[in-house]
Amino acid sequence: MYSLEKFPLGIYEKALPKDISWRERLKYAKDLGFDFVEISIDETDERLSRLDWSLDERKEFVSAILETGMRVPSMCFSGHRRFPLGSENSETRKKSLELMKKAIQLAVDLGIRNIQMAGYDVYYEAGNEKTRELYIDGMKQSLKWAEQANVMLSIEIMDHPFMSSITKYLEFDKILNSPFLTVYPDIGNLSAWGNNVREEILKGKNKISSIHLKDTLAVTESFPGKFKEVPFGDGCVDFIEFFKLLEEIDYNGPLLIEMWTEKSENPLKEIQNAKRWIENKMREGGFRC
């Protein structure tokens, strides 16, 4: 059973071994000392098919949670990268909303409270004012369903200029005006774009529902940045100052280590090393862990 006295530190599903059952995956996470796992519904057919899980498959997933004592409170829903809300293609937009509705229903059935959405109007298409407006329309409909289901939608600060800061998120928050919309900062992405991290976190602190922890290489005039698979400590994120800031603002929400080691030779060892590194930085920053 989860303890409310413990600070919630989680691990991304794609860090854990891939071709195993959910019971095994959750047990590995528990044995490594994590408090929760974030499930991935990405743009691949394999993971999108989870939106159509049968009743028995949903029961099996919930049973794995109850039996292992490991929570799965959030869903990383990046299927909209392939089927974006802002697409100028009406059939793509229709598909996008269908997936969103299914994701909310799956969240209800599995006990997931927070759906993290990629902050893109479009990804494989060229964005413009029209795609921005279509994205807003799609988010308005998505939030209606989320409100009815009592499920939070959180927009992630991304590896894309469309949603590269909390400041940009707050512009959409003002337009969409829903208590079921929050921001899910990725400290790596936030740092890579050259944002003043302190100012951004302070500006959006009352809207932050969760935070991704990863390192990145900064965007420059001659370099597009690197937003994935940068070893902790090799990138541009000032983790010690970040954890000092979280302690200062009395942040109590989840922190999730985001890694993509599911196909590595020894993913559990890599996760263990990353967790140890993060916890050391937490202590150096005076943050409880």
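Our subject is the structure listed above.
So, how was this worked out
Residues numbered from 1 in each chain as written. Predicted model: local features only at pLDDT ≥ 70, side-chain atom pairs only at ≥ 80, totals over all residues. Heavy atoms only, no water. 1 Å grid on protein atoms, 1.4 Å probe; cavity = no way out; pocket = protein on both sides within 12 Å on 5 of 7 lines; lining within 4 Å. Points joined across faces, edges and corners; volume = space filled by probe spheres on them. Helix = DSSP H or I, 4+ residues; strand = E, 2+ residues; numbered from the N terminus. Nonpolar A, V, L, I, M, F, W, Y, C, P; charged D, E, K, R; others polar. Phe/Tyr/Trp six-rings, centres within 6.5 Å; stacked < 30°, edge-to-face > 60°. Buried < 20%, exposed > 50% of the residue type's maximum accessible area, 1.4 Å probe, protein only. Lys NZ or Arg CZ within 6 Å of the ring centre and 35° of its normal. Core = buried A, V, L, I, M, F, W, Y, C linked by side-chain atoms within 4.5 Å. Contact = heavy atoms within 4.5 Å.

### Topic: the layout of surface pockets
It is a probe the size of a water molecule, rolled over the atoms, that shows where empty space is left.
Next, step 1: If you add up the space inside the largest pocket, you get close to 400 Å³.
Next, step 2: Lining the largest pocket are 21 residues, and of these Ser78, Arg81, Tyr120, Lys228 and Trp260 sit closest to its centre.
Next, step 3: Every element with two or more residues in the lining of the largest pocket is listed here: strand S4 (114-118) and strand S9 (226-230).
Next, step 4: Here the lining of the largest pocket is built from residues that sort into seven nonpolar, four polar and 10 charged.

### Remarks on the packing of aromatic side chains
Next, step 1: Taken as a whole and judged by the stated rule, the model has 15 aromatic pairs.
Next, step 2: Between Tyr12 and Trp260, the ring centres sit 6.3 Å apart and the planes meet at 80°, which makes this aromatic pair edge-to-face. Here Tyr12, found in strand S1 (residues 9-12), pairs with Trp260, found in the loop between strand S10 (255-257) and helix H10 (267-284); they are 248 residues apart in sequence, far enough to count as distant.
Next, step 3: The class for Tyr12 is buried, based on a relative accessible area of 2%.
Next, step 4: Note on Trp53 and Phe61: the rings are 5.6 Å apart at their centroids and 45° apart in plane angle, and the pair reads as tilted.
Next, step 5: Through a chain of ring-to-ring contacts, the aromatic side chains of Phe232, Phe239, Phe242, Phe243, Trp277 and Phe287 assemble into a single cluster.
Next, step 6: Above the face of the Phe34 ring, Lys275 is positioned so that its terminal group lies 5.6 Å from the ring centre.

### Focus on the nonpolar core
Next, step 1: Residues Ile11, Met75, Ile115, Leu213, Phe243 and Leu255 are the most contacted members of the largest nonpolar core, which totals 78 residues.
Next, step 2: When residues of this core are assigned to their parent elements, the largest contribution, seven residues, is made by helix H4 (residues 90-110).
Next, step 3: Met75 has contacts with Glu38, Ile39, Ile41, Ala103, Leu106, Ala107, Ile112, Asn114, Ile115 and Gln116, leaving out every residue within four places of it along the chain.

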